[in-house]
Amino acid sequence: MYFSKRLTAATICLLTLTACPSKKDMIPPVKTGISPELLADSLFLYAKQIYYWNNTLPGTGSFNPRQLVSPDTITGLNDEMFAISRFATNPATGFSYEQKISYNSAGNPVNDNSECKFSYIIKTSDAYSGGLSFTAANNIRAEDIKMTLDGKENSLGFILGYMPVSEATTPQNPIPYTNKDSLVGLVRYVTKGSPAYQAGLRRGDIISRINGNSWRLETDQSRINAAFNASSITVTVYNPATASGRDVAVQKTLYTFNPVFRDTTLDIGGKKIGYIAFQSFTDLGNAQPALDDAFGRFGNITDIVVDLRYNGGGLVKTAAYLGNLLAPANANNQVLFAEYYNQIMQNRQATLLKNQQVYDANNVLKGYTYFDVDYSVAENTTFINKKGPFNSNSTIKNLYFIVSSATASASELLINSLKPYFDNVYLIGAVFSDNGKKTYGKPVGFFEIRLGNYSVYMANFETKNKNQINGSQTGSYYDGLSTNLQVLDDLRYDFGNPNEACFKYAIRKITGNDNYTPTLLSMARTTETQPATSAGAFRPVGRSIGQVTAIHDMIVTADQKTRRY
């Protein structure tokens, strides 16, 4: 807790940098060049009005935001946001609702007090156009690597996952390491459209050298990190079948990405199974064509698997669009989800929002403020507007999702919102460096607040599905959505390959054949990953180099909402 002198009316007038005609008009402006002290004051005043748990915050006379001012402004603001987030306690855990969870070496959850679980603050220049809005393309720092909601990314476009040789090798593709506990690098994923994708890298590629060096993660992690933070990298892709390698050079650049990793259809055991791996809920201008293209091939499927294991969320309107594609025809016009804001916002008393101009996902000014928006539950309820191929003749009764502890925000919103409309919504947890038992746990979202050169994403609404609204489903998922089964995130195979362990178990569940094994897998390894509910539940097997998911949000934009004026 942080306590100090009272924020007086005179202090608040300083925040406006203008005359102070009345208390009603004491609104911190969005201007550049504001001092760190005034930014700190502004952040707390906004929290008092729009933070979802604002009723737990102390008065302005008890909280001292300036005590947290740092020489690095953004560090100070995030420290202050963390302090603000400590006041609201989740009775189910005894910790803050915003208590972040990390995973230890055994894959078990532990409290992480490095930052808020939900709320955060970044430079506005990092929120758009791949973080290059105000960054010279030839002077990119590691922290400037961004995937932004407009469908832009400024990066190499791939990450590695390190696994023990005993987990990564197969008889037909043996990895020539004597020590089977040694870690070997495989491409964990490649963003479609990225420099790495264009150069031919794919998930499952074995990486034997980095910039010509045979570095080991156990002894050379700092060198490997530095190589991935550079503007270019050359990796050697090893082919076990020929015991040879090929060099692949990748140059970091700004590009537009396709958020669909891969889609495919398979005919197995009398079932026609559709599969889609979706990376991020980017703006509809980027995501909708990719989703429509994929679902255009799903017209006759009997079952569908949606792979969100690396999807950290994004825009609510895009999650709603995918929900409309997945929902059954008989759910049309029914509630998909509702957003619940605090009472100050619902009562139109959040006057500071008069100064918050609305921008869209492409940073285009819309011409009105967030004060002009209606925050009542009735006007923030999203209904199903059925789209896509699953018409009244569709036989799809169950949904299958592949998820992970990185599956968050808009991804969880999608899953939770569809639960009332299917007989079963089945979750397979992809295990890598954790136990795979839970998704991230983020039923709250926000919209962008601008303070000076910074964008504040402060949790200001909670979502509920149809059953939570009518009371037939109680509680929310702050500790994550529970998975039904935990399976190895099998980096040896690309997305949509039935040999990949998570997808294989989905196929087993769909077909009812617990022994289903694709031909290639029957030749592969003699021991298979087993459900964590069985005896001898397996341990986490991997570590990643690179950010697993770059978008981790549930963001609403004002064009989704009713304007009062």
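Presented here is a report on the structure given in the accompanying data block. These numbers were taken from a predicted model, which means no experiment stands behind them.

### Here's the deal with the overall build of the protein
And then number 1: Secondary structure summary: the protein contains 13 helices and 28 strands in total.
And then number 2: Taken over 565 residues, the protein has a buried fraction of 58%.
And then number 3: Intrachain contacts of the protein at a sequence separation of at least 6 include 72% that bridge at least 24 residues.
And then number 4: Total accessible area on the protein is roughly 22200 Å²; 47% of this is exposed by carbon and sulfur atoms.

### Observations regarding the pairing of strand 8 (residues 206-210)
And then number 1: Note: strand 7 (residues 183-190) against strand 8, two bridges, orientation antiparallel. Residue pairing for strand 8: Leu186 is matched across the bridge by Ile206.
And then number 2: Where strand 8 lies against strand 9 (residues 232-239), four bridges are found, and the strand directions are antiparallel. Bridging from a neighbouring strand, Ile207 pairs with Val237 of strand 9.

### Description of the side chain of Ser85
And then number 1: Examined against the element boundaries, Ser85 turns out to sit in helix 3 (residues 73-85).
And then number 2: For Ser85, a relative accessible area of 1% puts it in the buried group.
And then number 3: Among the polar contacts listed, one links the side chain of Ser85 to the side chain of Arg86, at a separation of 3.1 Å.
And then number 4: With sequence-adjacent residues up to four places away left out, Ser85 is seen in contact with Tyr51, Ser96, Glu98 and Cys116.

### What about the packing of aromatic side chains?
And then number 1: Counted according to the given criterion, the structure contains 27 aromatic pairs.
And then number 2: Pairing Tyr310 with Phe495 gives two aromatic rings, centres 6.0 Å apart and planes at 80°, and the pair type is edge-to-face. Of this pair, Tyr310 sits in the loop between strand 14 (303-307) and strand 15 (314-315) while Phe495 sits in the loop between strand 26 (485-488) and helix 12 (501-511), and the two are 185 residues apart along the sequence.
And then number 3: A relative accessible area of 3% places Tyr310 in the buried class.
And then number 4: In this structure an aromatic cluster arises from ring pairing among Tyr51, Tyr52, Trp53, Tyr97, Phe118 and Tyr478.
And then number 5: Positioned above the aromatic ring of Tyr197 is the side chain of Arg202, whose terminal nitrogen or guanidinium carbon lies 3.6 Å from the ring centre.
And then number 6: Sitting over the ring of Phe371, Lys354 keeps its end group 5.3 Å from the ring centre.

### Focus: the nonpolar core
And then number 1: Counting 95 residues, the largest nonpolar core has Trp53, Phe295, Leu326, Leu353 and Phe401 as the members making the most contacts within it.
And then number 2: Those residues in contact with Leu326 that lie beyond four places of it in its chain are Phe295, Ile304, Val306, Lys386, Phe390, Leu399, Leu414, Leu418 and Phe422.
And then number 3: Residues Met163, Tyr310, Ala430 and Ala506 belong to the second largest nonpolar core, which totals 37 residues.

### Considerations on the packing of helix 8 (residues 316-326) against helix 10 (residues 410-418)
And then number 1: Closest axis-to-axis distance for the helix 8/helix 10 pair is 9 Å, and the angle between their directions is 35°. In this structure, helix 8 meets helix 10 at a crossing whose hand is right-handed. Contact residues: Val316, Ala319, Leu322, Gly323 and Leu326 in helix 8; Ala410, Leu413, Leu414 and Leu418 in helix 10.
And then number 2: Across the contact of helix 8 with helix 10, the residue classes tally to eight nonpolar, one polar and no charged.

### Some words on the environment of Ser96
And then number 1: Its place among the elements puts Ser96 in the loop between helix 3 and strand 1 (100-103).
And then number 2: Within the local environment of Ser96, its side chain forms a polar contact with the backbone oxygen of Ser85, the two atoms lying 2.7 Å apart.

### So, the packing of helix 2 (residues 36-50) against helix 3
And then number 1: Contact geometry of helix 2 with helix 3 gives a least axis separation of 10 Å together with a crossing angle of 25°. Between helix 2 and helix 3, the angle is such that the two are roughly parallel. In the packing of helix 2 onto helix 3, the handedness of the crossing is right-handed. Residues Pro36, Leu39, Ala40, Leu43, Phe44 and Ala47 of helix 2 form the contact with helix 3, whose own contacting residues are Thr73, Leu77, Glu80, Met81 and Ile84.
And then number 2: Its residues assigned to classes, the contact of helix 2 with helix 3 shows nine nonpolar, one polar and one charged.

### Description of the side chain of Thr483
And then number 1: Relative to the helices and strands, Thr483 resides in the loop between helix 11 (466-470) and strand 26.
And then number 2: Polar contacts involving the side chain of Thr483 include one to the main-chain carbonyl oxygen of Gly436, which spans 2.8 Å.
And then number 3: There is a polar contact of 2.8 Å between the side chain of Thr483 and the side chain of Gln486.
And then number 4: Contacts of Thr483, omitting those with residues within four sequence positions, involve Val403, Leu427, Ile428, Gly429, Gly436, Lys437 and Lys438.

### Examining the environment of Gly130
And then number 1: With respect to the element layout, Gly130 can be found in the loop between strand 3 (120-123) and strand 4 (147-148).
And then number 2: Take Gly130: its relative accessible area is 0%, and that puts it in the buried class.
And then number 3: The spacing of Gly130 and Leu254 is 124 residues in sequence and 6.6 Å in space, taken between C-alpha atoms.

### Focus on the sheet that holds strand 20 (residues 398-403)
And then number 1: The strand order 12-13-14-20-21-26 describes an open sheet built from six strands, whose pairing is mixed. Each edge of the open sheet carries a strand with a single partner, namely strand 12 (260-268) and strand 26. Strand after strand, the sheet turns through a mean of 20° between neighbouring axes, direction not considered.
And then number 2: Pairing between strand 12 and strand 13 (residues 271-278): eight bridges, direction antiparallel. When the sheet's bridge partners are listed, Asp263 is paired in strand 13 with Ile276.

### Overview of the pattern of salt bridges
Where charged atoms from two side chains of opposite charge come close, those side chains can pair.
And then number 1: Using the criterion set out here, one finds 18 salt bridges in the structure.
And then number 2: Of the charged contacts in the structure, one is a salt bridge between Asp489 and Arg309, with a shortest N-O distance of 2.8 Å. Of this pair, Asp489 sits in the loop between strand 26 and helix 12 while Arg309 sits in the loop between strand 14 and strand 15, placing them 180 residues apart in sequence. The same class applies to Asp489 as to Arg309, namely buried.
And then number 3: Salt bridges sharing common partners tie together Arg188, Arg203, Asp307, Arg309, Asp489 and Glu500.

What counts and what doesn't
- Residues numbered from 1 in each chain as written.
- Predicted model: local features only at pLDDT ≥ 70, side-chain atom pairs only at ≥ 80, totals over all residues.
- Heavy atoms only, no water.
- Helix = DSSP H or I, 4+ residues; strand = E, 2+ residues; numbered from the N terminus.
- Buried < 20%, exposed > 50% of the residue type's maximum accessible area, 1.4 Å probe, protein only.
- Contact = heavy atoms within 4.5 Å.
- Areas by Shrake-Rupley, 256 points an atom, 1.4 Å probe, with all protein chains shown as cover.
- Pairing = 2+ DSSP bridges.
- Polar contact = N/O pair within 3.5 Å; in protein donor to acceptor, adjacent residues only side chain to side chain.
- Phe/Tyr/Trp six-rings, centres within 6.5 Å; stacked < 30°, edge-to-face > 60°.
- Lys NZ or Arg CZ within 6 Å of the ring centre and 35° of its normal.
- Core = buried A, V, L, I, M, F, W, Y, C linked by side-chain atoms within 4.5 Å.
- Axes fitted to C-alpha atoms, helices over the stretch in contact; angles between N-to-C directions.
- Left-handed = near helix turned anticlockwise from the far one by under 90°.
- Nonpolar A, V, L, I, M, F, W, Y, C, P; charged D, E, K, R; others polar.
- Parallel < 35°, antiparallel > 145°, perpendicular 65-115°, else oblique.
- Salt bridge = Lys/Arg side-chain N within 4 Å of Asp/Glu carboxyl O.

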